[in-house]
Amino acid sequence: TEIIGFDTIDFSNIVSIESLFQGTGLTEFDYTNIQFPKLKRAENLFAFSNDLEYINISNWEVPQLGNCARMFAQCSKLTTVEGLNTWNKTSIIECKYMFFSCKSLKNINVNGFDVSQLKGAESMFEECSALKSINISNWDFENVYIMEINLEKLNYINIFMILVLVKKLELT
C-alpha cells in the first residue's frame, strides 16, 4: 500500500486525523515537515497497522495537538518511530496506550517530546518487549495524574517509569 500526495495536502484547517491510517497495509510512512496548525486529535492514527515497520514524522508542526492515545497501538511489526523528538511546541495531554503492544519496537527517541501538559499516560509502553531503553530524562511529570502500570506485563521500560514516578513522589 502506498500513499500518493499526502505531502501536498493543505492541512491548515484540519483539527483531527484520528484513525486516518488505522489498519492499513502500509509498511512504511515517511512524511516530514508537515504543518498541522490546528490539529488537536491524532488518536489511533496508525493503530492496528500490522504491516507497518518504519515511521518518520520528523518536524511535524503540531502546536495544538492534545490527544495521541493509541497513536501507534498494536503495530506489531513496527521497529522504528523517528521524529517525535522534533515536534514543535506540542501540548500533549493524552498519551494512553500510545505504543501499546508494539512488540517489535526497538528504536524511538522521545527525549525532546513536550509532555509538560500531559495528564494521562497509562500503559504508554506496555507490551513493548523489544524496547530495551528509552530516554525520558527531560520529561516533566508535574501534571501527570494517571500513569497506570500493568504489573503482570512488567518490562524494563515500565520499571523505569515506576522509578521516575516514585522519585517524583519522594520529592513532593
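Here is what the cut-offs are and how they apply
Residues numbered from 1 in each chain as written. Predicted model: local features only at pLDDT ≥ 70, side-chain atom pairs only at ≥ 80, totals over all residues. Heavy atoms only, no water. Helix = DSSP H or I, 4+ residues; strand = E, 2+ residues; numbered from the N terminus. Buried < 20%, exposed > 50% of the residue type's maximum accessible area, 1.4 Å probe, protein only. Areas by Shrake-Rupley, 256 points an atom, 1.4 Å probe, with all protein chains shown as cover. pLDDT = per-residue confidence, 0-100. Contact = heavy atoms within 4.5 Å. Polar contact = N/O pair within 3.5 Å; in protein donor to acceptor, adjacent residues only side chain to side chain. Salt bridge = Lys/Arg side-chain N within 4 Å of Asp/Glu carboxyl O. Phe/Tyr/Trp six-rings, centres within 6.5 Å; stacked < 30°, edge-to-face > 60°. Pairing = 2+ DSSP bridges.

A. Spatial organisation of the overall build of the protein chain. Secondary structure assignment for the protein chain yields one helix and four strands. In the protein chain, the succession of α and β elements from N to C terminus is β-β-β-β-α. Going through the 172 residues of the protein chain one by one, you find that 45% of them count as buried. Element-wise, carbon and sulfur atoms account for 48% of the exposed surface of the protein chain, whose accessible area totals about 8,500 Å².

B. Up close: the confidence of the model for the protein chain. The pLDDT averaged across the protein chain works out to 82; a share of 80% of its residues lies at or above 70. Low pLDDT, under 50, characterises residues 149-157; the predicted model gives this stretch 20 contacts beyond four residues in sequence or across chains. Contacts for the low-pLDDT stretch residues 162-172, under 50 throughout, to residues beyond four places or in other chains number 10 contacts.

C. Highlighting the side chain of S58. Secondary-structure assignment places S58 in the loop between β2 (54-56) and β3 (80-82). Side chain to side chain, S58 and N56 meet in a polar contact 2.6 Å long. Residues in contact with S58, not counting those within four places in the same chain, are T32, N33, E82, G83 and T86.

D. Summary view of the pattern of salt bridges. Taken as a whole and assessed by the stated rule, the structure comprises four salt bridges. The partner of E127 in a salt bridge is K103, with the nearest N and O atoms 3.4 Å apart. Here K103 lies in the loop between β3 and β4 (107-108) and E127 lies in the loop between β4 and α1 (156-171), a separation of 24 residues in the sequence. A relative accessible area of 15% places E127 in the buried class. Using a relative accessible area of 43% as the deciding quantity, one classes K103 as partly exposed. Connected through salt bridges with shared partners, the residues E18, R41 and E43 form a single ionic network.

E. Expanded view of the packing of aromatic side chains. Summed over the entire model, instances satisfying the criterion amount to 16 aromatic pairs. Ring geometry for F6 versus Y31: centroids 5.2 Å apart, planes at 65°, classification edge-to-face. Here F6, found in the segment before β1 (28-30), pairs with Y31, found in the loop between β1 and β2; they are 25 residues apart in sequence, far enough to count as distant. By way of ring pairs, the aromatic residues F6, F11, F21, F29, Y31, F36, F46, W60, F72, W87, F99 and F125 are connected into one cluster.

F. Local environment of the sheet that holds β3. Spatial ordering of the open sheet is given by β1-β2-β3-β4, a layout of four strands whose pairing is parallel. Bordering the open sheet on either side are β1 and β4, each of which pairs with just one other strand. Pairing analysis gives two bridges linking β3 to β4, with the strands arranged parallel. Counterpart to V81 in the pairing with β4 is I108.

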